[in-house]
Amino acid sequence: MIPAILDPQFMPMVKVVSDFKDAVAKVGGQPIVIAVTRNKGYVATYKLDIFPENTGHDAENYDIVERIVKTLLWVYGGYKVTVAGAKTIYDGLAAAYKKGGARQFDADFMARVYETDFVVEYVADVKDAPQENQTADPIGRHLDGCRIGFDAGGSDRKVSAVVNGETVYSEEVVWFPKLQTDPEYHYQGILEAMKTAASKMPRVDAIGVSSAGVYIDNKIMVASLFIKVADDDFERRVKTMYLDVAKEIGDVPIEVANDGDVTALAGAMDLNDNNVLGVAMGTSEAAGYVDGQGNITGWLNELAFVPVDFCKDAMVDEWSGDYGCGVKYFSQDSVIKLAPAAGIELDEALSPAEKLKVVQKLMADGDERAAKIYDTIGVYFGYAIAYYAMFYDIKHVIIMGRVTSGEGGTIVLARANEVLQKEFPELAEKIVLHIPDEKSRRVGQSVAAASLPKIG
């Protein structure tokens, strides 16, 4: 194993799962199936052999499967987990995901996204487990006609008027959606942006929206832009906001997608290829995915909550209360976490973004301590890509976000490539890592957003 130089206790999930599978194979395993069910009856399944139950390995079995279930939920999404073939694991998961359990955050989040109670069910025979039922929506890459592309960020909103694939107008306007309690502020800001774009074209044929958060059937289920809005106002005014704004523009098709998925789509369009995983390392870890057919999948792709470190002493995410999750490895939090181990003292009075800038300045000045931080993140990322590849079919990984800017991003990319080449040569042959330049990323995002809906 290639060591994470500033984090000697790092236990990559992909290595731990691989070692577990090898150990089980030596004694003969008991097959189980884990299924997660989401909207429209879509089902993702994961098959695994565990140590036979009640042979002294029940805790070991549970620790591995619990992490895999967590991964399945945050990659694919789901309001129901079905455990087939292992009663001891079902009992543990049912306790973890109930009210007051260790994973109540996850259960509550999924219940809100899918508007139904979260449940864990048991099936005795693996033959009776739910069957895989996946689909992908063929949205995006439509460049015909007059289109609006809208990108809702936390500090600025961007809108473009796109005619037959060419951006004829674009603007960025500073706004403060995360500070506003009145959803009318958000509504009027979005409406103004779209009306401005519409005025630059002879007509509007379609509207595409890229926005942070979780979207089901173009409805806003969870989004940080509305974090200050009361729950009642969210249900009444926010949930259908993009649909309501579109009605004021005209009776035209609209598609709303997570900004991570749109970023991955922009990358796929730029590369003219598919199977693209996009990972943004900024305030948190954001991600998106375009499958082998060039489609957005409708999966959650919330990799910030996916465990990448099996070590139970790993840093805990304050929001979810869980350990070893991506947010603490691929965001500004990771840089801040590793700074003391590198011998860098950061002023606690600074904001997280300001602390990151201090480290970036040291990196730009050639400070070896800062280089060790990015080296460690690169090792994290190489192993994380291998773990993600257990759940995604990946040909390209695009990394972006403020953590990857400058020389630091170059180190992250090089170290991650080294991990893949030395530890996972078959994946290294298949997967190419990219850092897009700022210009192509900004232009590509607006065109990709505008390309989401199909006309007619």
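Given the structure is predicted, the values throughout are model-derived calculations rather than measurements.

Just checking my understanding: could you explain the sheet that holds strand β6 (residues 156–163) for this structure?
The pairing of strands in a sheet comes from backbone hydrogen bonds and takes either a parallel or an antiparallel form. Pairing is mixed across the open sheet formed by five strands, whose spatial order is β7-β6-β5-β8-β11. The open sheet has two edge strands with one neighbour each: β7 (166–174) and β11 (254–258). Ignoring which end each strand starts from, the neighbouring axes of this sheet average 15° apart. As judged from the seven bridges shared by strand β5 (residues 146–152) and β6, these two strands associate in the antiparallel manner. The residue bridging Ile 148 from the neighbouring strand is Ala 161, located in β6. Taken strand by strand, helix α5 (residues 183–198) contacts β5, β6, β7 and β8 (206–211), and its axis lies near 25° from that of β6.

It is not clear to me how the packing of helix α1 (residues 13–27) against helix α11 (residues 368–388) should be interpreted in this structure. Could you clarify?
How two helices pack is summed up by the angle between their axes together with the distance between the axes. Two elements in contact, α1 and α11, have axes whose closest approach is 7 Å; the angle formed by their N-to-C orientations is 50°. One finds that α1 runs oblique with respect to α11. In contact with Met 13, Val 14, Lys 15 and Val 17 of α1, α11 contributes Tyr 383, Ala 386 and Tyr 387. Class assignment of the residues belonging to the contact of α1 with α11 gives a composition of six nonpolar, no polar and one charged.

Could you clarify how one ought to interpret the pattern of salt bridges in this entry?
Once the charged atoms of two side chains with opposite charge are near each other, the side chains can pair. Taken as a whole and assessed by the stated rule, the structure comprises 31 salt bridges. Across the pair Asp 233 and Arg 236 runs a salt bridge whose closest N-O atoms are separated by 2.7 Å. Of the two residues, Asp 233 and Arg 236 both sit in helix α6 (residues 231–238), three residues apart, roughly one turn of that helix. A network of salt bridges, in which partner residues are shared, links Glu 66, Arg 67, Lys 70, Arg 103, Asp 106 and Asp 322.

Would you explain helix α3 (residues 87–96) in this entry?
Within an α-helix, residues lying three or four positions from one another point in the same direction, as the helix has 3.6 residues per turn. Taken residue by residue, α3 has Ile 89, Leu 93 and Ala 96 as its buried positions. One face of α3 carries all of its buried residues, which in axial projection span an arc of 60°. Of the surrounding secondary structure, the elements contacted by the buried residues of α3 are β1 (30–37), β2 (43–50), α2 (58–76), β3 (80–84), α4 (104–114) and β4 (119–123).

Honestly, the packing of aromatic side chains in this entry has me stumped. Any pointers?
The description of two aromatic rings rests on the distance between their centres and on the angle between their planes. Under the counting rule described, the total for this entry stands at 30 aromatic pairs. Centre to centre, the rings of Tyr 329 and Tyr 380 are 4.7 Å apart; their planes meet at 70°, and the pair counts as edge-to-face. One end of the pair, Tyr 329, is in the loop between β13 (285–290) and α9 (332–338); the other, Tyr 380, is in helix α11, and 51 residues separate them in sequence. Exposure class is identical for Tyr 329 and Tyr 380. Each is buried. Note that Lys 200 overlies the ring of Tyr 169, its terminal NZ or CZ placed 4.9 Å from the centroid. Between the NZ or CZ atom of Lys 337 and the centre of the ring of Tyr 329, over which it lies, the distance is 3.8 Å.

Quick question: what am I supposed to make of the pairing of β2 here?
In the case of a regular strand, side chains alternate between the two sheet surfaces. Direction of pairing for β1 relative to β2: antiparallel, over a ladder of eight bridges. The residue bridging Ile 32 from the neighbouring strand is Leu 48, located in β2. Connecting β1 to the antiparallel partner β2 that follows it, the hairpin turn spans five residues, and Lys 40 within it adopts a positive phi of roughly 60°.

Honestly, the side chain of Arg 103 in this entry has me stumped. Any pointers?
Note that Arg 103 resides in the loop between α3 and α4. Owing to a relative accessible area of 8%, Arg 103 belongs among the buried residues under this scheme.

Quick question: what am I supposed to make of the packing of α5 against helix α7 (residues 241–249) here?
Direction vectors running N to C along α5 and α7 enclose 40°, while the axes themselves pass 10 Å from each other. In terms of orientation, α5 and α7 fall into the oblique class. Between α5 and α7 lies a crossing whose hand is right-handed. Contact residues: Pro 183, His 186, Tyr 187, Ile 190, Leu 191, Met 194 and Lys 195 in α5; Met 241, Tyr 242, Asp 244, Val 245, Glu 248 and Ile 249 in α7.

Looking at this structure, how should I read the environment of Gln 421?
Among the structural elements, Gln 421 can be located in helix α12 (residues 406–423). A relative accessible area of 52% places Gln 421 in the exposed class.

Reading the values: the criteria
- Residues numbered from 1 in each chain as written.
- Predicted model: local features only at pLDDT ≥ 70, side-chain atom pairs only at ≥ 80, totals over all residues.
- Heavy atoms only, no water.
- Pairing = 2+ DSSP bridges.
- Helix = DSSP H or I, 4+ residues; strand = E, 2+ residues; numbered from the N terminus.
- Axes fitted to C-alpha atoms, helices over the stretch in contact; angles between N-to-C directions.
- Contact = heavy atoms within 4.5 Å.
- Parallel < 35°, antiparallel > 145°, perpendicular 65-115°, else oblique.
- Nonpolar A, V, L, I, M, F, W, Y, C, P; charged D, E, K, R; others polar.
- Salt bridge = Lys/Arg side-chain N within 4 Å of Asp/Glu carboxyl O.
- Buried < 20%, exposed > 50% of the residue type's maximum accessible area, 1.4 Å probe, protein only.
- Arc of directions from axis to C-beta.
- Phe/Tyr/Trp six-rings, centres within 6.5 Å; stacked < 30°, edge-to-face > 60°.
- Lys NZ or Arg CZ within 6 Å of the ring centre and 35° of its normal.
- Left-handed = near helix turned anticlockwise from the far one by under 90°.

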